[in-house]
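# Structural features, examined
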Amino acid sequence: MTSPVVAEAEDLVRSGIQRVSAAESLDDLAELQTELLGKKSRLNAMRATLKDASPEDRKTLGRALNVSRTELEKSLKGRKAVITERVRRAALDAEQLDLTESLGRVRVGHVHPITQTWERLEDVFVGMGFSVEDGPEVETDWFNFEALNLPPSHPARSLWDTLYLDSSEIPGVAQEQLVLRTHTSPVQVRTMMRAVRESSGPPIYVVCPGRVYRRDTADATHLPVFHQIEGLVVDEGITMGDLSGTIEEFTKAYFGESLTSRLRPSYFPFTEPSAEVDISQSDGSWLEVGGCGMVHPNVLRHAGLDPERWTGFAFGFGIDRLAYIRHGVADLRDLVTNDMRFLEQF
Ligand code: DAH
């Protein structure tokens, strides 16, 4: 016959397992563990009564109590694993990004109006048979000025408010030898020298868009950092007629048939003769976009070309100015202050 102690222990196990499997949280489980197996548990109290039992009974009862404890421990452990896994899954689900949510609201940006203008200009000139060249923004005084027929102390140097780099710590470089290029014109000289080096000279038909720098205060029509596109053609028998034809062709291709260009006599040390380029506005006025001219023989000579054989023309336009005309921007500074309300219009 089963002893009442054994029967109670079996009851404890049955009801204990039931409660354990109904526990929903790790906290509930910890409480149950204390209640079922802790110091003040019924199982513990029953163990204390063993000392009064006969040696024979003590053995059977002791074993029954041990089995009960093991059963309860096993059930607590199993339930703990289930709840832990459930908690982990819930945390993962909570962290998951709901990507479907933003689908309807994706906002696609677009390239900056200056970059748009830059890329369109490249397209137009490539369409006219030019290739695109590149040059460094940090230039030597020689490329930026001297090779362009502007020897040191030439009065026209004051036309370019120049930012000099501190070269005092560069071995072998004298002070005031490195500048942030004030225009893209030094690329003319680099391109001609490369042509001499790599393909024994012209023909050269290139444009070079790039960033340039001036020691200048920003206002509605000037920026200290801005963009130019330089053009250079060197070949046999190139004339001023080729220059004005190219600029008119460009004007029509870029702005449309209704706009036209004109050349106004001017002075640049690296061209002779030189001219300013104006483009007609829809209201009949003219806006200056840059300069041009026939490449000065001294510039050809500096680049290693014989001016008796080769002639050429060059031009340099302000990219920001062209963006300004095309989009009717009122203040150049708006192009660089990154106000999204302004930029989103383009
Ligand atoms: N480099 C000149 C400037 O920044 C613009 C210019 C004028 C470029 C005449 C040329 C040119 O190539 O022929 O003011």
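Residues numbered from 1 in each chain as written. Predicted model: local features only at pLDDT ≥ 70, side-chain atom pairs only at ≥ 80, totals over all residues. Heavy atoms only, no water.

## A short note on the domain arrangement of the protein chain
Definition in use: Boundaries of every domain are those given by an automatic assignment or by a domain database.
When its domains are assigned, the protein chain resolves into domain 1 (4–95) and domain 2 (113–137 + 181–343). A separation of 88 Å is found between the C-alpha centroids of domain 1 and domain 2.

## Considerations on helix H5 (residues 113–127)
Note the threshold: The secondary structure listing takes helices from DSSP runs of H or I that are at least 4 residues long and strands from runs of E that are at least 2 residues long, numbered from the N terminus. For a helix, the expected span equals 1.5 Å multiplied by the number of residues minus one. Each residue is assigned to one of three classes by its accessible area relative to the maximum for its type, calculated with a 1.4 Å probe on protein chains only: buried under 20%, partly exposed between the two thresholds, exposed over 50%. The arc refers to the directions leading from the helix axis to the C-beta atoms. What makes two residues a contact is simply this: any of their non-hydrogen atoms within 4.5 Å.
End to end, H5 covers 21 Å across 15 residues, agreeing with the expected 21 Å (1.5 Å per residue, within 8%). Within the sequence span of H5, burial applies to Pro-113, Ile-114, Thr-117, Leu-121, Val-124 and Phe-125. Considered in projection along H5, the buried side chains sweep an arc of 105° and stay on one side of the axis. The exposed residues of H5 that point more than 90 degrees off its buried face are Asp-123 and Gly-127. Turning to H5, the residues buried within the fold contact strand S4 (204–213), strand S5 (225–235), helix H8 (240–255), strand S9 (311–318), helix H10 (319–327) and helix H11 (340–343). Two residues or fewer past H5, Gly-129 is found with a positive phi of approximately 100°.

## Section: the sheet that holds S9
Strands belonging to one sheet form pairs held by backbone hydrogen bonds; the direction of such a pair is parallel or antiparallel. Our working rule: At least two DSSP bridges between two strands are required for those strands to pair. Interaxial angle, 0 to 180 degrees, is taken between N-to-C directions of lines fitted to C-alpha atoms, where a helix line uses only the stretch in contact.
In space, the 7 strands of this open sheet follow the order S1-S4-S5-S9-S8-S7-S6, with mixed pairing throughout. Two strands bound the open sheet, and with one partner strand each, they are strand S1 (131–132) and strand S6 (261–268). Sheet topology places S4 next to S5; 10 bridges connect them, and they run antiparallel. Its bridge partner lying in S5, Tyr-205 is registered against Val-233. Running over the sheet, H8 touches S6, strand S7 (271–280), strand S8 (286–295) and S9 and is turned about 35° from S9.

## Some details on the site of the ligand
Quick reminder of the rule: By convention in these notes, a residue is near a molecule or strand provided one of its non-hydrogen atoms lies within 4 Å of it. Definition of a polar contact: a pair of N or O atoms within 3.5 Å, with one able to donate and the other able to accept a hydrogen when the atoms are protein atoms, and with sequence-neighbouring residues admitted only if both atoms are side-chain atoms. Residue-level accessible areas treat just the shown protein chains as cover; the underlying method is Shrake-Rupley with a 1.4 Å probe.
Surrounding the ligand, one finds 16 residues, the nearest of these being His-183, Ser-185, Gln-188, Gln-228 and Glu-230. In the model, an oxygen atom of the ligand is placed 3.0 Å from a nitrogen or oxygen of the Arg-214 side chain. Here an oxygen atom of the ligand and a side-chain polar atom of Glu-230 are 2.6 Å apart. Contact with the protein chains hides 92% of the accessible area of the ligand, taken as 360 Å² for the molecule alone.

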